[in-house]
Amino acid sequence: MSSTSSNPAPKTVGDVAILLSDAYVAFSEALDDAPPELAPLLQSAASLVRWTQDQLETQGLHDDAQALQKLTGQLNDPTGKLAQLKNVLQGLQQAAEVAAAVVDSAASLLPLL
Amino acid sequence: MCVACIVLSCCARPKDANLTAFANATSTLATAAKNASSLDVQIDAKLRAAAAARNYAAGSPLKFDPKGGTFITGKSDADWKAVTAFLDAVNGYATALSQANDAKLVGGVTGGITSLGTALANANAASALANPNNQQRINLISGAVADLVGVVGNGYAAIEIRAAMNEAQPILQAARGPLKDSLKIVFADATSKLEDYKQALRCRLSIAGARPGTQASCPPGKDIHVADAAPPTSLEKYDAYLAAWQDYLAIQASVQALGNLPAAVDAMIAAHEKLKDDPDNSAALAGFLQAVGDIAAKEGQFEALNG
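Just so we're clear, the structure is a prediction, and the values are computed from it rather than from any experiment.

1. Brief notes about the overall build of chain B
- On a plain count of helices and strands, chain B comes out with eight helices and two strands.
- Sorting the 307 residues of chain B into buried and exposed places 43% on the buried side.
- Look at the contacts in chain B between residues 6 or more apart in sequence, and 79% of them connect residues 24 or more apart.

Given below as structure tokens:
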């Protein structure tokens, strides 16, 4: 997952964050072999990119979290219904078993009557 | 009998194995996402330690005050909890789906009803000893009733399960964007921190390889004057290089695994949609299982390299 993928333009904050991260890595690697006169400039550019990335990530994650919080509540509905279904099936099973035992007992008494 | 066939064919429950595998895979995905933030924090802690060590090596006064790292900038912990809470909720839903579809549960209902039918037949038989034809008829009716109840139980479970899946699908679709986005944000942050850590390792190697009286190459403006009594041996330099390389590779493998998480979210939602429409389709899960398997394998690689 990087800016070199087939997607022509970033669509989300996450995509932009990845582009900024790619730029930060590129600036940092360029610093390794940079001539002394260029190094401070590259260092400043890298720091600026990183700062922008931090701001974007913090805000983007906050927005995503708000959306997901609402959806977590919504997902509890089908989960609750499934738990209820399980309880109903368990109840049916237990009721049938109890009824069978009662009828069995009654049947065993019948010849004695 | 034909009615039973029709009911079974239109309302069959999904395959147990499919829903169990789906639930297990959502659990792996939730764990991998939690590991993602732990990794980000872990790299941050290494960076802080490297910066403190570099300052000490450069002659700054000794400050031994180890501190843990922070997630992103330290302001997103609560937001990340909301992201992982959603993945936990997906796992909870998938587990409930698997449990409600459990063959033993539905089979247990059918078994209970069958026992009841048999008991009733025995009771009737006891009261109608003199007539063998009645006995046979009662057994047949009891068996048929038990079969029918089994079919209805299956059908009821199937209808409820499909209704729940239909309700969950649009929620998963709506979550796709923010979920993938937040995972990309963590990946981007960990990638940048990994680059910083690579620079820190370069600095360390430069110190290890420098001759006395020279400058070790650290980030611009932070070069370190090396004043050791004796130059390092070739073997020491060799070992230092390999140690730094292995340290970097271990973290890199895990960061790469993070990069696969958004695709795993896509695969999960696609698998759920296919299972909803065709519950018996084992192939529907293939992409999702492959995606979480790859992530787990890369995380295992990280664990192995970390010893």
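Don't stop here, the text continues.
2. As for the state of the cysteines
Residue and element names in this part refer to chain B.
- Counted by the stated rule, this structure contains one disulfide over all chains.
- Disulfide pairing is shown between Cys203 and Cys218; the S-S distance is 1.9 Å. Handedness here is read from the sign of the S-S torsion; for Cys203 and Cys218, about 70°, the answer is right-handed. Within this pair, whereas Cys203 is found in helix H5 (residues 132–209), its partner Cys218 is found in the loop between strand E1 (215–216) and strand E2 (224–225), the two being separated by 15 residues in sequence. Here Cys203 and Cys218 have matching classes, each one buried.

3. Observations regarding the packing of aromatic side chains
- In the structure shown here, the tally under the stated rule is three aromatic pairs over all chains.
- Between B:Phe22 and B:Phe288, the ring centres sit 5.8 Å apart and the planes meet at 55°, which makes this aromatic pair tilted. One end of the pair, B:Phe22, is in helix H2 (residues 16–57); the other, B:Phe288, is in helix H8 (residues 286–305), with 266 residues separating them in the sequence.
- In this arrangement the basic side chain of A:Arg50 is found over the ring face of A:Tyr24, its NZ or CZ atom lying 5.8 Å from the centre.

4. Observations regarding the nonpolar core
- By size, the foremost hydrophobic cluster in this structure holds 71 residues, and its most contacted members are B:Leu29, B:Phe86 and B:Phe288.
- For this core, the secondary structure elements donating two or more residues are helix H1 (13–32) and helix H2 (39–109) of chain A together with H2, helix H3 (77–100), H5, helix H6 (234–259), helix H7 (261–277) and H8 of chain B.
- The dominant element in this core, judged by the number of residues it contributes, is H5(B), at 18 residues.
- The contact partners of B:Phe86, leaving out residues within four places of it in the chain, are A:Leu68, A:Leu71, A:Thr72, A:Leu75, B:Ile171, B:Leu172, B:Ala175 and B:Leu179.

5. A closer look at the pattern of salt bridges
- Overall, the coordinates contain 17 salt bridges over all chains when judged by the stated rule.
- B:Lys198 is the salt-bridge partner of A:Glu29, the closest N and O atoms lying 3.0 Å from each other. Of this pair, A:Glu29 sits in helix H1 while B:Lys198 sits in helix H5, which puts the two residues in different chains.
- Here the salt bridges share partners, and the residues they tie into one network are A:Arg50, A:Asp54, B:Asp40, B:Asp44, B:Arg48, B:Asp189 and B:Lys193.

6. Regarding the interface of chain A and chain B
- Taken residue by residue, the interface counts 53 residues in chain A and 63 residues in chain B.
- A buried area of about 4900 Å², summed over both sides, lies between chain A and chain B, and 71% of it is on carbon and sulfur atoms.
- The tally of links from chain A across to chain B stands at five salt bridges.
- Here chain A is connected to chain B by 17 residue pairs in polar contact (both at pLDDT 80 or more).
- Looking at the side of chain A that touches chain B, the elements with two or more residues in it are H1 and H2 of chain A.
- Sort the elements by how many residues they give to the side of chain A that touches chain B and H2(A) lands first, with 38 residues.
- Of the residues contributing to the side of chain A that touches chain B, the split by class is 26 nonpolar, 15 polar and 12 charged.

7. Here's the deal with the packing of H2(B) against H3(B)
Residue and element names in this part refer to chain B.
- Contact geometry of H2 with H3 gives a least axis separation of 8 Å together with a crossing angle of 165°. Classified by the interaxial angle, the pair formed by H2 and H3 is roughly antiparallel. By crossing handedness, the relation of H2 to H3 is classed as left-handed. Within the contact between the two elements, H2 uses Leu19, Thr20, Phe22, Ala23, Thr26, Ser27, Leu29, Ala30, Ala33, Lys34 and Ser37 and H3 uses Trp80, Thr84, Leu87, Asp88, Val90, Asn91, Ala94, Thr95, Leu97 and Ser98.
- A per-class count over the contact of H2 with H3 returns 11 nonpolar, eight polar and two charged.

8. Considerations on the environment of B:Lys104
All names here are of chain B.
- Following the sequence through the fold, Lys104 ends up in helix H4 (residues 103–127).
- Among the residues examined, Lys104 registers a relative accessible area of 69% and is labelled exposed.
- C-alpha of Lys104 to C-alpha of Asp16: the two residues are 88 residues apart in sequence and 9.8 Å apart in space.

Definitions and cut-offs
- Residues numbered from 1 in each chain as written.
- Chains lettered and ligands numbered in written order.
- Predicted model: local features only at pLDDT ≥ 70, side-chain atom pairs only at ≥ 80, totals over all residues.
- Heavy atoms only, no water.
- Helix = DSSP H or I, 4+ residues; strand = E, 2+ residues; numbered from the N terminus.
- Buried < 20%, exposed > 50% of the residue type's maximum accessible area, 1.4 Å probe, protein only.
- Contact = heavy atoms within 4.5 Å.
- Disulfide = S-S within 2.5 Å.
- Phe/Tyr/Trp six-rings, centres within 6.5 Å; stacked < 30°, edge-to-face > 60°.
- Lys NZ or Arg CZ within 6 Å of the ring centre and 35° of its normal.
- Core = buried A, V, L, I, M, F, W, Y, C linked by side-chain atoms within 4.5 Å.
- Salt bridge = Lys/Arg side-chain N within 4 Å of Asp/Glu carboxyl O.
- Buried area = accessible area lost by both parts, 1.4 Å probe.
- Polar contact = N/O pair within 3.5 Å; in protein donor to acceptor, adjacent residues only side chain to side chain.
- Nonpolar A, V, L, I, M, F, W, Y, C, P; charged D, E, K, R; others polar.
- Axes fitted to C-alpha atoms, helices over the stretch in contact; angles between N-to-C directions.
- Parallel < 35°, antiparallel > 145°, perpendicular 65-115°, else oblique.
- Left-handed = near helix turned anticlockwise from the far one by under 90°.

Spatial relationships are all this shows, so hold off on functional conclusions.
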